[in-house]
Structures are given as C-alpha cells and as structure tokens.
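# Observations on the three-dimensional arrangement
Read off the chains here:
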Amino acid sequence: MFGNEGLRQDGMFWNALSGALRALPLLFLTLGAVLAGPAVVIASADPARDGVLLVVSRWGDEAERVITAAGGQTVGPVRARFGVFATSQDPDFSDRLRDRGAWAVINGDVLAALCRIET
C-alpha cells in the first residue's frame, strides 16, 4: 500500500522537474535578450575622441597607470574594479590608451545616456 503512494509522488516530482527544465531555454533566451540591449548600444557607439571615457583595464590601479602614461587624468572620486573614467585634451587619447594596455575605451556619454544622466 505504501509502495504505490511513493511511486505516485516520485512520478509527480519527475514530471514537475521535467516541466521546469523545459522552461530553462526560454528563461536564458529572455535573460540574454535583456542583457544584450545595453551591450549592443555600447559596442555600436562611435569611438570617443574627446570628453569623458571609461577605461577598462586589469585589477588594481593599472587603469590609472595607463591613463597617466597616455597623458590623461582620472575623473571623479570613485572607480570601479575594472574601470575608471578619464579625460584628456589630446585628440588621439583613446588610441594611446589602447596602445598602453587598456582592454576597452568606451564613450562616457553613451554610458551616461544608458543611465539616463544628461551630460
């Protein structure tokens, strides 16, 4: 008598698990679409030649060293783990940042627009 009850509950568990696993691709597809939007906006932005740039580099103070070596200065009192905002009056500042080891140089105005901040 108890054997049949356990099998029925076990079957219900596997049916529920199977249904949940079938929903995972849809969940990942939705999550990917939501995260891809801002990434596409940033990647498709015109490369910045002046103004504020986000410089992405290695951990620690490597970004500050790259900025200083490229002839720029940091902007703002706070930096993130991988990036820091920087500016320079030099028109080829972003190229020099890349030459000195910056992983990415992103237009700061585009990032501000994504955060709904007017510059």
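Predicted model only: the values in this text are computed from it and were never measured.

In this section: the pairing of strand β1 (residues 53–56). Across the two faces of β1 the burial is the same, with Leu 53 and Val 55 and Leu 54 and Val 56 all buried. In this structure, β1 lies alongside strand β4 (residues 104–107), joined through 4 bridges in antiparallel fashion. Paired with Val 55 across the bridge in β4 is Val 105.

Pairing is antiparallel in the open sheet, where 4 strands are placed in the order β2-β3-β1-β4. The outermost strands of the open sheet, each flanked by one partner alone, are β2 (73–74) and β4. In the packing of helix α2 (residues 62–69) onto the sheet, the strands contacted are β1, β2 and β3 (83–87), and the crossing angle to β3 comes to about 20 degrees.

Moving on to the side chain of Ser 88. By the element assignment, Ser 88 lies in the loop between β3 and α3 (93–99). A polar contact of 3.2 Å, which involves the side chain of Ser 88, links it to the backbone nitrogen of Asp 90. Residues in contact with Ser 88, not counting those within four places in the same chain, are Gly 71, Gly 72 and Phe 93.

In this section: the pairing of β3. Most of β3 sits out of view: 4 of its 5 residues are buried. As paired elements, β1 and β3 share 4 bridges and run antiparallel to each other. Of the residues in β3, the one forming a bridge with Leu 53 is Ala 86. As judged from the 2 bridges shared by β2 and β3, these two strands associate in the antiparallel manner. Bridge pairing links Thr 74 to Ala 86 in β3.

Our focus in this paragraph is a nonpolar patch on the surface. Taken together, the side chains of Phe 13, Trp 14, Leu 17, Leu 21, Leu 24, Leu 27, Phe 28, Leu 31, Val 34 and Leu 35 define a hydrophobic patch exposed on the protein surface, amounting to about 1000 Å² of accessible area. In this fold, Val 34 is placed in helix α1 (residues 2–44).

Another aspect to go through is α2. Of all the positions in α2, only Glu 62, Ala 63, Val 66 and Ile 67 are classed as buried. Down the axis of α2, the sector holding all buried residues measures 135 degrees, keeping them to one side. Just downstream of α2, Gly 71 is the residue with a positive phi angle, here 90 degrees.

This paragraph deals with the pattern of salt bridges. Across all of its chains, the model carries 4 salt bridges by this definition. Between Arg 96 and Asp 90 there is a salt bridge whose closest N-O contact spans 2.4 Å. Under the relative-accessibility criterion, Arg 96 is labelled buried at 15%. A relative accessible area of 35% means that Asp 90 is categorised as partly exposed. When salt bridges that share partners are traced, they join Asp 90, Asp 92 and Arg 96 into one network.

Quick look at the confidence of the model for the protein chain now. With 75% of its residues at a pLDDT of at least 70, the protein chain reaches an overall mean of 76. The least confident element of the protein chain is β1, whose mean pLDDT is 74; the most confident is α3, at 87.

Conventions and cut-offs
- Residues numbered from 1 in each chain as written.
- Predicted model: local features only at pLDDT ≥ 70, side-chain atom pairs only at ≥ 80, totals over all residues.
- Heavy atoms only, no water.
- Buried < 20%, exposed > 50% of the residue type's maximum accessible area, 1.4 Å probe, protein only.
- Helix = DSSP H or I, 4+ residues; strand = E, 2+ residues; numbered from the N terminus.
- Pairing = 2+ DSSP bridges.
- Contact = heavy atoms within 4.5 Å.
- Axes fitted to C-alpha atoms, helices over the stretch in contact; angles between N-to-C directions.
- Polar contact = N/O pair within 3.5 Å; in protein donor to acceptor, adjacent residues only side chain to side chain.
- Patch = residues over 30% accessible without salt bridge, like charges linked within 9 Å, V, L, I, M, F, W, Y side chains within 5 Å.
- Areas by Shrake-Rupley, 256 points an atom, 1.4 Å probe, with all protein chains shown as cover.
- Salt bridge = Lys/Arg side-chain N within 4 Å of Asp/Glu carboxyl O.
- Arc of directions from axis to C-beta.
- pLDDT = per-residue confidence, 0-100.

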